[in-house]
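# Reading the structure
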Amino acid sequence: MAPTMTRPSMTIAAQDGRAARPATPAPDNPLAMRGLTVSYGEKPAVFSVDATFPARSMSAIIGPNGAGKSTLLKAALGVIPRLSGDVLIFGTPIDQARDRIAYVPQRASVDWDFPTMVIDVVQMGLYRKVGLLGRLSGQMAAKARDCLDRVGMADFADRQIGQLSGGQQQRVFLARALAQDADLYLLDEPFAGVDAATERAIIDVLKLLKSEGKAVVCVHHDLSTVRDYFDHVFLINVRRIAEGPVETTFTAENLNATYGGRLAATHIDELAIAGSAS
Ligand code: ADP
Ligand code: MG
């Protein structure tokens, strides 16, 4: 039909962006997946996903509840098995890159029902470096305290983790990730259920990591902060819906494709308007 033939090129580009397979990842891509399928039962939670997360960037993984976001991160880390597909961390299989990754799990999935001191939680991030049989040197203990300081939790080092608020616990998990001196930081909904001050503290630390040349990939649920916080966005609903720079990819069309009818049209319009104004 004639109207279709004369569509402006931007519309065609957006459609292509959704349909096309991404280019082959460069060796310095912190995280890339090809044909990743993960299944807990008969129905895949993540189906044939291609994704490429850029270096020196903050990337958001976005999608509705149950879309497979946490599953995608866990499969990337190798903590749950893949049914098929490949994951490359800086161009190598996960086994060769484990010490370059730090992971902050979804907070709700961690249950501290035994007494553990905050400083010990952070030092867990250092065990991989010291070796299981190695002793934590004074230097390592100092490093753990320094990482707590970076997230504003230095005064809580000797408290029990279970006695902290959710936001304080989240800061401690971030301190543990910092202690790992990783090149790729994977965080699962780091801002979920935290207060505004903690959200600010976390985003400041993540932006600093990016400025140091690290890659940060967050599962993120708050669509209103995507444009402020992130450079790159990956939209998923079991399958890959779209990925690319926030400017060109975080569009009403792609959000509709990701959430189906589950987001109010007015909300999507607001996000799209915010985008065209910025
Ligand atoms: P998201 O993080 O996007 O909310 P998840 O990756 O946690 O989604 O879950 C994707 C799908 O896989 C959901 O349907 C969820 O119920 C299912 N799922 C997640 N973890 C498990 C598990 N351990 N066993 C069985 N099903 C699971
Ligand atoms: Mg999740």
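Rules behind the numbers
- Residues numbered from 1 in each chain as written.
- Chains lettered and ligands numbered in written order.
- Predicted model: local features only at pLDDT ≥ 70, side-chain atom pairs only at ≥ 80, totals over all residues.
- Heavy atoms only, no water.
- Donors = N, O, S within 2.8 Å, 3.2 Å for Na, K, Ca; no water.
- Helix = DSSP H or I, 4+ residues; strand = E, 2+ residues; numbered from the N terminus.
- Core = buried A, V, L, I, M, F, W, Y, C linked by side-chain atoms within 4.5 Å.
- Buried < 20%, exposed > 50% of the residue type's maximum accessible area, 1.4 Å probe, protein only.
- Contact = heavy atoms within 4.5 Å.
- Near = heavy atom within 4 Å.
- Polar contact = N/O pair within 3.5 Å; in protein donor to acceptor, adjacent residues only side chain to side chain.
- Areas by Shrake-Rupley, 256 points an atom, 1.4 Å probe, with all protein chains shown as cover.
- Nonpolar A, V, L, I, M, F, W, Y, C, P; charged D, E, K, R; others polar.
- Pairing = 2+ DSSP bridges.
- Axes fitted to C-alpha atoms, helices over the stretch in contact; angles between N-to-C directions.
- Phe/Tyr/Trp six-rings, centres within 6.5 Å; stacked < 30°, edge-to-face > 60°.
- Salt bridge = Lys/Arg side-chain N within 4 Å of Asp/Glu carboxyl O.
- Parallel < 35°, antiparallel > 145°, perpendicular 65-115°, else oblique.
- Left-handed = near helix turned anticlockwise from the far one by under 90°.
- pLDDT = per-residue confidence, 0-100.

### So, the coordination of the magnesium ion (ligand 2)
At this site the magnesium ion (ligand 2) is bound by S70 (OG) and Q106 (OE1), with donor distances of 2.1 to 2.6 Å. Here the residue S70 occupies a position in helix α3 (residues 69-77), and Q106 occupies one in the loop between β5 (101-104) and α4 (118-124), the gap between them amounting to 36 residues.

### Some points on the nonpolar core
Of all hydrophobic cores here, the largest spans 52 residues; its most connected members are L148, V172 and L206. Here the element with the most residues in this core is helix α7 (residues 166-179); it accounts for seven residues. Discounting chain neighbours no more than four positions away, the residues touching L148 are V118, I119, V122, M153, A154, A157, V172 and A175. With 28 residues, the next largest nonpolar core counts V38, V49, I61 and A75 among its residues.

### Focus on the site of ligand 1
Close contacts around ligand 1 come from Y40, A45, P64, N65, G66, A67, G68, K69, S70 and T71, and that covers them all. Measuring from a nitrogen atom of ligand 1, one finds a side-chain N or O atom of Y40 at 3.5 Å. Within the side chain of K69, a nitrogen or oxygen atom sits 2.8 Å from an oxygen atom of ligand 1. Expressed as a share of its isolated accessible area of 560 Å², the protein-covered part of ligand 1 is 53%. Classifying every residue of the shell around ligand 1 gives four nonpolar, five polar and one charged.

### Focus on the sheet that holds strand β4 (residues 84-89)
Taken in spatial order, the three strands of this open sheet run β2-β1-β4, and their pairing is antiparallel. The two strands at the open ends of the sheet, each matched to only one other strand, are β2 (44-53) and β4. With direction set aside, neighbouring strand axes in the sheet form an average angle of 15 degrees. Pairing of strand β1 (residues 31-39) with β2 involves six bridges; the strand directions are antiparallel. Bridge pairing in β2 places M33 opposite A51. Contacts from α3 reach β1, β2 and β4, with the element oriented near 115 degrees to β1.

### What to know about the packing of aromatic side chains
Throughout the structure, instances matching the rule amount to three aromatic pairs. Judged by centre distance (5.7 Å) and plane angle (55 degrees), the rings of F53 and F234 are tilted. One end of the pair, F53, is in strand β2; the other, F234, is in strand β8 (residues 232-237), with 181 residues separating them in the sequence. For F53, a relative accessible area of 1% gives the class buried.

### Some details on the sheet that holds strand β9 (residues 239-245)
Spatially, β5-β6-β7-β3-β8-β9 is the arrangement adopted by the six strands of the open sheet, whose pairing is mixed. The strands lining the two open edges of the sheet, one partner per strand, are β5 and β9. With direction set aside, neighbouring strand axes in the sheet form an average angle of 15 degrees. The sheet strands contacting α7 are β5 and β6 (184-188), and the helix crosses β5 at an angle near 170 degrees.

### Concerning the pattern of salt bridges
Scanning the entire structure with this criterion turns up nine salt bridges. The partner of D158 in a salt bridge is R145, and the shortest N-O contact between them spans 3.6 Å. Placement of D158 in the loop between α6 (138-150) and α7 and of R145 in helix α6 is noted, with a sequence separation of 13 residues between them. Residue K214 is joined to D183 by a salt bridge in which the shortest nitrogen-to-oxygen separation is 3.9 Å. A residue pair is termed long-range when its members are at least 10 positions apart, and K214 in the loop between α8 (196-211) and β7 (215-219) and D183 in the loop between α7 and β6 qualify at 31 residues. Overall, D183 belongs to the partly exposed group, its relative accessible area being 25%. Salt bridges here are not isolated pairs; linked through shared partners, they connect R100, D183 and K214.

### What about α3?
Side chains three or four residues apart in an α-helix point the same way, a direct result of the helix having 3.6 residues per turn. Taken across its nine residues, α3 has eight buried, putting it largely inside the fold. For α3, the full list of buried residues reads K69, S70, T71, L72, L73, A75, A76 and L77.

### Some remarks on the packing of α6 against α7
At a closest axis distance of 8 Å, the pairing of α6 and α7 adopts a crossing angle of 130 degrees. Judged on the interaxial angle alone, α7 and α6 are oblique. Pair α6 / α7 crosses with right-handed handedness. Together, K143, C147, L148 and R150 of α6 and V172, A175, L178 and A179 of α7 make up the contact between the two elements. Taken together, the residues that form the contact of α6 with α7 break down as six nonpolar, no polar and two charged.

### Digging into the confidence of the model for the protein chain
In this model, the protein chain carries an average pLDDT of 85, and 81% of its residues clear a pLDDT of 70 or more. Here residues 1-20 scores under 50 on pLDDT; set against residues more than four positions off or in separate chains, the count is twelve contacts.

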